[in-house]
Amino acid sequence: MGTGELSHESTATRRETFGRYLSKMGPAWLAGAIAAGPATMASVITAGAAFEYALLWVVVASAVLGTTAQYLSMRLGLLTESGIVAVVEEHVGEFWAWVLVIDAVLASGLAQIVIMKTLADVSAAITGVDARLWGLAWAAILAIGLAAGGYSIAELGAKVIVSAVVLAFVASVFVVPIDPGAAATGLVPVIPDGLSGALIAAGVLGGAVHITLVTMHTYTLRARGWTREDYELGLFDVGSSMFVAFGIFSLATFLVAASVLYTPDLVATELDAAAAAEALGPLAGEYAQWLFLLGLWGAAISTLGANTVVPPYLLADKLGWEPDVSDTRFQAAIVAVAAAGAIGAFLEGAFFPLLVLVLAFGLIGTPFALVVVLYLLNHPDAVPEPNPRFANAGGVILVGVAAVTAGSFVRDELSVVATDPLSMSGFVVAFALVMTVATGGLIGKYVLTVRSSTD
């Protein structure tokens with residue numbers, strides 16, 4: 001066989017493999033769909049509108065670090081072929097399994113409430129029907145649809161709408177006047193002064209590096225039946241969804257917002273959906289607000305659907321339930337989470353600032369989850385092979401960046417606590433303190449375990 005024939009055969013094999021991967025990818029795309037939800041959209045748009053290109057480095061870092069987080073989670077899921085909570089309980093201890101469950105349930109529960117407010121408010125804006133009625137209606141739709149397993153059609157329709165908005169932002173990059181020189185200055189890591197700068201930076205990073213995404217990935221891999229034999233497919237799945245698709249979405253949205261919406265005296269926490277829709281004006285004209293609202297609406301539906309099953313997955317894994325709607329306990333947990341989300345429709349104020357806050361809050365609990373993943377990947381009894389050095393290095397960098405960004409947000413929240421200790425900021429600071437102690441304790445436990453094994 002000649003060299004040309006071998007080359008042709010090799011190319012054909014690569015094309016066949018690529019096509020097979022495209023047809024089978026999925027778990028990381030579900031995480032990417034949640035990452036590209038309304039909270040991330042709000043955070044990225046607010047970052048550009050309030051600080052122009054200054055937070056570009058955070059947007060770029062979010063894609064890189066988000067990919068790293070999902071890669072580590074993928075390794076854990078495929079190498080153990082189990083859900084993360086069960087692995088923690090077996091190899092680290094029941095106490096730490098409960099800490100992880102509580103951490104993730106709090107983060108996803110707060111997200112459920114705020115994203116439901118977004119969905120209810122946008123539904124009210126589109127139809128004119130009271131948002132509180134929409135909140136109750138959507139809670140019922142989620143409970144019935146997910147408990148019965150009939151979510152796939154609604155999710156497909158929602159993703160089509162979200163995809164249209166994402167494509168609109170990408171297309172707008174070629175229409176709006178983006179200044180490359182000014183944008184390049186935003187690659188220097190600086191967090192703008194003031195509470196909103198730290199909050200928005202934490203919100204942007206929290207959209208990609210979030211405890212919900214890290215924990216749920218191990219369960220979606222199981223749901224698809226992937227094993228260690230699917231490792232290369234898992235790599236392709238993570239890279240194409242988080243690094244390529246999510247990265248393009250975040251970067252395009254940010255650049256358009258920074259170019260069109262930036263106002264020097266803008267108060268970031270007062271930006272609303274109507275103002276944000278102006279970013280699509282150069283492309284969509286008079287239909288910009290409708291397109292943007294439909295995009296938020298679709299993003300909220302798809303994100304809520306996936307987020308609703310996160311607490312039930314974790315609880316089922318911890319309590320020994322079957323993680324499927326065939327188990328009535330799992331069904332009841334889905335109904336409870338869906339119903340709790342209805343609270344969001346009764347919250348006052350604009351949902352845009354709350355979306356940013358919910359991601360920043362989730363970021364506070366994420367370093368603990370990342371340390372759990374690294375602990376397990378370096379535990380000889382948990383996984384069948386050593387974790388590569390580059391994976392450990394990436395994980396340590398990821399934990400450091402997430403902790404510093406979250407810490408900047410918490411530090412600025414302390415100024416609010418000083419004047420109003422019973423405010424939401426007080427809860428944020430208390431949660432941060434507990435998770436810091438837990439993370440430090442887990443790191444200490446790992447060090448002691450390593451020392452005892454080498455003695």
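Residues numbered from 1 in each chain as written. Predicted model: local features only at pLDDT ≥ 70, side-chain atom pairs only at ≥ 80, totals over all residues. Heavy atoms only, no water.

Student: Which parts of the structure should I look at to understand the overall build of the chain?
Tutor: Looking only at helices and strands, the chain features 20 helices and zero strands. Taken over 455 residues, the chain has a buried fraction of 54%. Within the chain, contacts between residues at least 6 apart in sequence are counted, and of these 85% link residues at least 24 apart. Accessible surface, the chain: about 18900 Å² in total, of which carbon and sulfur atoms supply 66%. (Helix = DSSP H or I, 4+ residues; strand = E, 2+ residues; numbered from the N terminus. Buried < 20%, exposed > 50% of the residue type's maximum accessible area, 1.4 Å probe, protein only. Contact = heavy atoms within 4.5 Å. Areas by Shrake-Rupley, 256 points an atom, 1.4 Å probe, with all protein chains shown as cover.)

Student: Even after reading the chapter, I still don't get helix H5 (residues 84-91), so can you show me in this structure?
Tutor: Residues spaced three or four apart along an α-helix point in a common direction, a consequence of the helix completing one turn every 3.6 residues. Within H5 the residues assigned to the buried category are Ile84, Val85, Val87, Val88 and His91. In a view along the axis of H5, the buried residues occupy a sector of 165°, so they form one face of it. (Arc of directions from axis to C-beta.)

Student: Before we go on, may I ask you to explain unusual backbone geometry in this structure?
Tutor: Where the residue is not glycine, phi is negative for most of them; where a peptide bond is considered, it is trans in most cases. Look at Glu52: it is not a glycine, yet its phi comes out positive at around 55°. Within the fold, Glu52 resides in the loop between helix H3 (38-51) and helix H4 (56-80). Residues other than glycine seldom take positive phi values, yet Glu81 does so here, at roughly 55°.

Student: Explain the packing of aromatic side chains here, please?
Tutor: For any pair of aromatic rings, geometry is given as the distance between the ring centres together with the angle between the planes. With the rule as written, the count across this model stands at 14 aromatic pairs. Between Trp134 and Trp138, the ring centres sit 6.0 Å apart and the planes meet at 25°, which makes this aromatic pair stacked. Pair noted here: Trp134 and Trp138 are both in helix H7 (residues 131-147), with a separation of four residues, about one helical turn. Between the aromatic rings of Tyr219 and Tyr313, the centroid separation amounts to 5.5 Å while the plane-to-plane angle is 5°, which identifies the pairing as stacked. Residue Tyr219 is located in helix H11 (residues 211-223), and its partner Tyr313 is located in helix H16 (residues 310-319); the two are separated by 94 residues in the primary sequence. Each member of the pair, Tyr219 as well as Tyr313, carries the same accessibility label: buried. Three or more aromatic residues link up through ring pairs in this structure, and these residues are Phe95, Trp96 and Phe368. (Phe/Tyr/Trp six-rings, centres within 6.5 Å; stacked < 30°, edge-to-face > 60°.)

Student: Explain the environment of Thr212 here, please?
Tutor: Here Thr212 shows up in helix H11. As a C-alpha pair, Thr212 and Val105 span 107 residues in sequence and 8.4 Å in three-dimensional space. With sequence-adjacent residues up to four places away left out, Thr212 is seen in contact with Ser108, Asn307 and Val310.

Student: What is the right way to look at the pattern of salt bridges in this model?
Tutor: Note that side chains of opposite charge can pair when their charged atoms are close. In this structure the tally under the stated criterion is eight salt bridges. For Asp327, the salt bridge goes to Arg329, with nearest N and O atoms at 2.9 Å. Each of the salt bridges in this network shares a partner with another, and the network as a whole consists of Glu89, Glu94 and Lys318. (Salt bridge = Lys/Arg side-chain N within 4 Å of Asp/Glu carboxyl O.)

Student: Teacher, can you tell me more about the packing of H4 against helix H18 (residues 351-377) here?
Tutor: The packing of two helices is summarised by the inter-axis angle and the distance between the axes. Close contact between H4 and H18 brings their axes to 10 Å; oriented N to C, the two are set at 45°. Our classification of the angle between H4 and H18 gives oblique. Of the two possible hands of crossing, H4 and H18 adopt the one that is left-handed. Touching Ala69, Leu72, Ser73, Arg75 and Leu76 of H4 are Leu370, Val373, Leu374, Leu376 and Leu377, all from H18. When its residues are assigned to classes, the contact of H4 with H18 shows eight nonpolar, one polar and one charged. (Axes fitted to C-alpha atoms, helices over the stretch in contact; angles between N-to-C directions. Parallel < 35°, antiparallel > 145°, perpendicular 65-115°, else oblique. Left-handed = near helix turned anticlockwise from the far one by under 90°. Nonpolar A, V, L, I, M, F, W, Y, C, P; charged D, E, K, R; others polar.)

Student: Help me understand helix H17 (residues 328-341), please; the structure alone is not making it clear to me.
Tutor: Its 14 residues place the ends of H17 20 Å apart at the C-alpha level, agreeing with the 20 Å of an ideal helix rising 1.5 Å per residue. When we look at burial in H17, the residues that qualify are Phe330, Ala333, Ile334, Val337, Ala338 and Gly341. Down the axis of H17, the buried side of the element spans an arc of 130°, and every buried residue falls inside it. Where the residues of H17 are buried, they touch helix H6 (94-127), H7, helix H15 (288-308) and H16. (Expected span 1.5 Å × (residues − 1).)

Student: Can you walk me through empty space enclosed by the protein in this structure?
Tutor: With a probe scaled to a water molecule rolled over the atoms, the places where space remains empty come into view. Taken as a whole and assessed by the stated rule, the structure comprises two cavities of 30 Å³ or more. Roughly 170 Å³ of volume is contained in the largest cavity. As for the largest cavity, its lining consists of 17 residues, of which Ile34, Ile115, His210, Thr303 and Leu359 are closest to the centre. Those elements that provide at least two residues to the lining of the largest cavity are helix H2 (27-35), H3, H6, helix H10 (195-208), H11, H15 and H18. In terms of residues, the lining of the largest cavity owes the most to one element, H3, which gives three residues. (1 Å grid on protein atoms, 1.4 Å probe; cavity = no way out; pocket = protein on both sides within 12 Å on 5 of 7 lines; lining within 4 Å. Points joined across faces, edges and corners; volume = space filled by probe spheres on them.)

Student: Mind showing me how you'd approach the side chain of Thr366 here?
Tutor: Tracing the backbone through its elements, the reader meets Thr366 in helix H18. Residue Thr366 is classed as buried on the basis of its relative accessible area, which comes to 0%. Non-local contacts of Thr366, meaning those with residues more than four positions away in its chain, are made with Val209, His210 and Ile211.

Student: I tried to follow the side chain of Ser250 on my own but got confused; where do I start?
Tutor: Mapped onto the secondary structure, Ser250 falls in helix H12 (residues 231-260). The class of Ser250 is buried, set by a relative accessible area of 1%. Leave out the neighbours within four places in its chain, and Ser250 touches Val44 and Val59.

Student: Just checking my understanding: could you explain the nonpolar core for this structure?
Tutor: One recurring pattern in soluble globular proteins is that nonpolar side chains are buried together. In this structure, Ile45, Ile84, Phe292 and Phe352 are the most contacted members of the largest nonpolar core, which totals 148 residues. Counting residues per element, this core draws most heavily on H18, which supplies 21 residues. Apart from the residues lying within four places of it in its own chain, the contact partners of Ile84 are Leu76, Leu100, Thr215, Thr218, Tyr219, Asp317, Val372, Val373 and Leu376. (Core = buried A, V, L, I, M, F, W, Y, C linked by side-chain atoms within 4.5 Å.)

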